[in-house]
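If you want the building blocks of each chain, they are given just below.
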Amino acid sequence: MPFYHSFATFAIDSEMNMSAPLAERMRPRTLDEYVGQKQLVGEGAVLRKMIDAGRISSFILWGPPGVGKTTLAQVIANKLKTPFYTLSAVTSGVKDVREVIEKAKNNRFFNTNSPILFIDEIHRFSKSQQDSLLGAVEQGIVTLIGATTENPSFEVIRPLLSRCQLYVLKPLDADDLLELLHRAITEDVELRQKHIELKETGAILRYSGGDARKLLNILELVVESENSDTIEITDEKVVRNLQQNPLAYDKQGEMHYDIISAFIKSIRGSDPDAALYWMARMIEGGEDPQFIARRLVISAAEDVGLANPNALLLANAAFDAVMKIGWPEGRIPLAEAVVYLATSPKSNSAYLGVDRAQQLVKETGNEPVPLHLRNAPTSLMKQLGYHDGYQYAHDYPGHFVEQQYMPDNLRNERLWFAQHSPAEERQYQWMLQCWGDRYKE
């Protein structure tokens, strides 16, 4: 069922809610308390101007977990003193959406702001659920604020996306996280009663990964593990108390695609250090080793290509080794392949050539095969000229004889262009020797 309330709900003092988790007790109620996202809510920023003006349009907040998407929506509702409704895309259906829109209509008064409808994880809404929002957003019955951790261009339908502004929230940086830590130990109703010293912060910042909620949860975990009112926060205590894998890596989410993209681009850019780093991120995040191995085979063919044909052989060998020996030893042949590919000369001439060939086929259709290239297994085919005039290359010096192999209408088309890497240069020079002017550039 949908949850809805007025803006006044957020005025509850944390003194009255001491049983709530630290992250909830520290949830900001005003923009002055809000940490991070200065590009959106700092002085003079676009969203801050709209909020200060007292009117906002529908928008979607896109960012990783724990960067303040829900909090920002609540702060805005509190600031504008407007009814605030919230739906979770995980538990709500079309019926719930329609119920909230109907309540919003009844709560709308002349010349006042539209009620805010906040939808958490809007990327989980189905197309029909998103469609049910369109009319209400377009007519101004509600001001939609959506929150998503996934790329909206993939997950939100185009008509709804076109009716909303898109604001990108970034992971909190070290300064933001330190500010939040200091505020927590000095302002929180429970923590301020203790003497807490932030002796070391490297581990807690690293494990939080720019996530404010995770940061405060780790702080609370360490504090609760100490049976004392005097507590030192150290890296060793954080590591000892944190029993879970803190790395952010969603194998089905956008982080998965961002990291594999960085991995492939590092190999393509001949940076073995970066390539090994991104592979380590995938390994520590629990990525399927076969996925990594498949990407190496693709990279060997696409990016190294003819500049070093052995790269494809080594990538295939690494794939086979991973399948045979499994994990964790499989990371070693993968690392060898990564370094070999990253340090190899690069050529994508074959990749570009097949792209050009496919495009040419799409543009020209089914051109007939020249008669001399056709087989002639029957006497009728021989009478029709099939195979007539074909010259067998191995019968000539150098195993080459110049003849037409392309269709008649495409006889002058060039599709492969050498990129003159050391290995490919030898191939190019042989083509010049064979075909002469056809391969001169």
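Residues numbered from 1 in each chain as written. Predicted model: local features only at pLDDT ≥ 70, side-chain atom pairs only at ≥ 80, totals over all residues. Heavy atoms only, no water.

Another point: the packing of aromatic side chains. Under the defined criterion, the tally for this structure stands at four aromatic pairs. Residues Tyr-277 and Trp-278 carry aromatic rings whose centres are separated by 4.8 Å and whose planes lie at 70 degrees to one another, so their mutual orientation is edge-to-face. Assessed through its relative accessible area of 42%, Tyr-277 is described here as partly exposed. Its relative accessible area of 23% is what places Trp-278 among the partly exposed residues. Ring geometry for Phe-400 against Trp-435: centres 5.1 Å apart, planes inclined by 80 degrees, an arrangement best described as edge-to-face. (Phe/Tyr/Trp six-rings, centres within 6.5 Å; stacked < 30°, edge-to-face > 60°. Buried < 20%, exposed > 50% of the residue type's maximum accessible area, 1.4 Å probe, protein only.)

Note the cis peptide between Trp-327 and Pro-328, where omega equals 10 degrees. Residue placement: Pro-328 occurs in the loop between helix 16 (310–325) and helix 17 (331–343). In this structure, Glu-121 is a non-glycine residue whose phi angle is positive, near 55 degrees. Topologically, Glu-121 is positioned in the loop between strand 4 (116–120) and helix 6 (127–139). Residue classification places Glu-121 among the partly exposed residues on the basis of a relative accessible area of 24%. Phi is positive for His-399, close to 55 degrees, though the residue is something other than glycine. Mapped onto the secondary structure, His-399 falls in the loop between helix 19 (379–383) and helix 20 (422–435). (Helix = DSSP H or I, 4+ residues; strand = E, 2+ residues; numbered from the N terminus.)

Attention now moves to the nonpolar core. It is characteristic of soluble globular proteins that their nonpolar side chains tend to be buried jointly. One finds Leu-191, Ile-204, Leu-219, Ile-233 and Val-238 to be the most contacted residues of the largest nonpolar core, which totals 28 residues. Secondary structure elements with two or more residues in this core: helix 1 (22–25), helix 9 (174–187), strand 7 (195–198), helix 10 (202–208), helix 11 (212–225) and strand 8 (230–233). Among the elements that take part in this core, helix 11 stands out by supplying seven residues, more than any other. Not counting residues up to four positions away in its chain, the partners in contact with Ile-204 are Leu-181, Leu-215, Ile-218, Leu-219 and Val-238. Counting 25 residues, the second largest nonpolar core, distinct from the first, contains Phe-263, Phe-291, Ile-292 and Phe-319. (Core = buried A, V, L, I, M, F, W, Y, C linked by side-chain atoms within 4.5 Å. Contact = heavy atoms within 4.5 Å.)

This model, assessed by the stated rule, comprises 19 salt bridges. The partner of Glu-220 in a salt bridge is Arg-25, and the shortest N-O contact between them spans 3.8 Å. Of this pair, Glu-220 sits in helix 11 while Arg-25 sits in helix 1, placing them 195 residues apart in sequence. As far as the burial class goes, Glu-220 and Arg-25 line up, both buried. Across the pair Asp-52 and Arg-48 runs a salt bridge whose closest N-O atoms are separated by 3.4 Å. Here Asp-52 and its partner Arg-48 are both found in helix 3 (residues 46–53), four residues apart, which amounts to about one turn of the helix. Within the structure, one salt-bridge network assembled from shared partners comprises Arg-25, Asp-188, Glu-190 and Glu-220. (Salt bridge = Lys/Arg side-chain N within 4 Å of Asp/Glu carboxyl O.)

Turning to the environment of Asn-375, a few remarks are in order. On the secondary structure map, Asn-375 appears in the loop between helix 18 (349–364) and helix 19. Along the sequence, Asn-375 and His-195 sit 180 residues apart, while their C-alpha atoms lie 90 Å from each other. Not counting chain neighbours up to four residues away, the residues in contact with Asn-375 comprise Met-381 and Tyr-386.

Put simply, helix 3 and helix 4 (residues 69–80) touch, their axes get as near as 9 Å, and they point 30 degrees apart. What the angle tells us is that helix 3 and helix 4 run roughly parallel. On the side of helix 3, the interface is formed by Leu-47, Ile-51 and Asp-52, while helix 4 contributes Leu-72, Ile-76, Lys-79 and Leu-80. (Axes fitted to C-alpha atoms, helices over the stretch in contact; angles between N-to-C directions. Parallel < 35°, antiparallel > 145°, perpendicular 65-115°, else oblique.)

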